[in-house]
Amino acid sequence: MRMIALALLSVSAMGNTLAADMPTFRIEMNDGKMTPTRIEAPAKTRFRIEVVNKGKTPAEFESLPLRKEKVLAPGVTSSVVVMGASPGEYIYFDDFHPQARGVIVIR
C-alpha cells in the first residue's frame, strides 16, 4: 500500500513539474474585445492558452482548426491545452462576439 502511495505521489509531482514547464499564453476577452490578437507559439510543442473573461457577458473562446472551445461566464479564468500543432496560422475568436478575433502563429 505504501509503494502505491509513493508511486502516485511521484506521478503527481512529475505532472505538476511538466505543467509548470509548459509555455502558457494568456488571452483576455472583454465584451467583444480580445487581447492579444496575435500569439506566436512553438511548433510540435504542447502549450497552454489561459483564457480570462474580464467582461460582463459570457464569452466563448473557439478555434475551429485547433478544435478547441471553452465557454466562460463573466469573471472566469480557464485554459485549453494545444498538443503539438504543426506550423501555420490558426484563427481563434469569441463565438458570442464574432468581431473579436485573433490568430495563433505556430513556427
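Residues numbered from 1 in each chain as written. Predicted model: local features only at pLDDT ≥ 70, side-chain atom pairs only at ≥ 80, totals over all residues. Heavy atoms only, no water.

- Looking at an unreviewed UniProt entry, the protein chain carries the name Cupredoxin domain-containing protein, with the source organism given as Chitinilyticum piscinae.
- According to UniProt, the comment filed for the protein chain under the heading Subcellular location (unreviewed entry) is "Cell outer membrane". (UniProt positions renumbered as here; feature names shortened; annotations may be inferred.)

## Digging into the packing of aromatic side chains
Item 1. Across all of its chains, the model carries two aromatic pairs by this definition.
Item 2. Centre to centre, the rings of phenylalanine 25 and phenylalanine 47 are 5.5 Å apart; their planes meet at 85°, and the pair counts as edge-to-face. Of this pair, phenylalanine 25 sits in strand 1 (residues 24-30) while phenylalanine 47 sits in strand 4 (residues 47-53), placing them 22 residues apart in sequence.
Item 3. You can call phenylalanine 47 buried: its relative accessible area is 0%. (Phe/Tyr/Trp six-rings, centres within 6.5 Å; stacked < 30°, edge-to-face > 60°. Helix = DSSP H or I, 4+ residues; strand = E, 2+ residues; numbered from the N terminus. Buried < 20%, exposed > 50% of the residue type's maximum accessible area, 1.4 Å probe, protein only.)

## What about the pattern of salt bridges?
Item 1. Overall, the coordinates contain four salt bridges when judged by the stated rule.
Item 2. One salt bridge connects arginine 26 with glutamate 50, and the closest N-O pair in it is separated by 2.9 Å. Here the residue arginine 26 occupies a position in strand 1, and glutamate 50 occupies one in strand 4, the gap between them amounting to 24 residues.
Item 3. Between glutamate 40 and arginine 38 there is a salt bridge, and its shortest N-O distance comes to 3.3 Å.
Item 4. Overall, the relative accessible area of 42% leaves arginine 38 in the partly exposed class.
Item 5. The network of salt bridges with common partners includes Arg26, Glu28 and Glu50. (Salt bridge = Lys/Arg side-chain N within 4 Å of Asp/Glu carboxyl O.)

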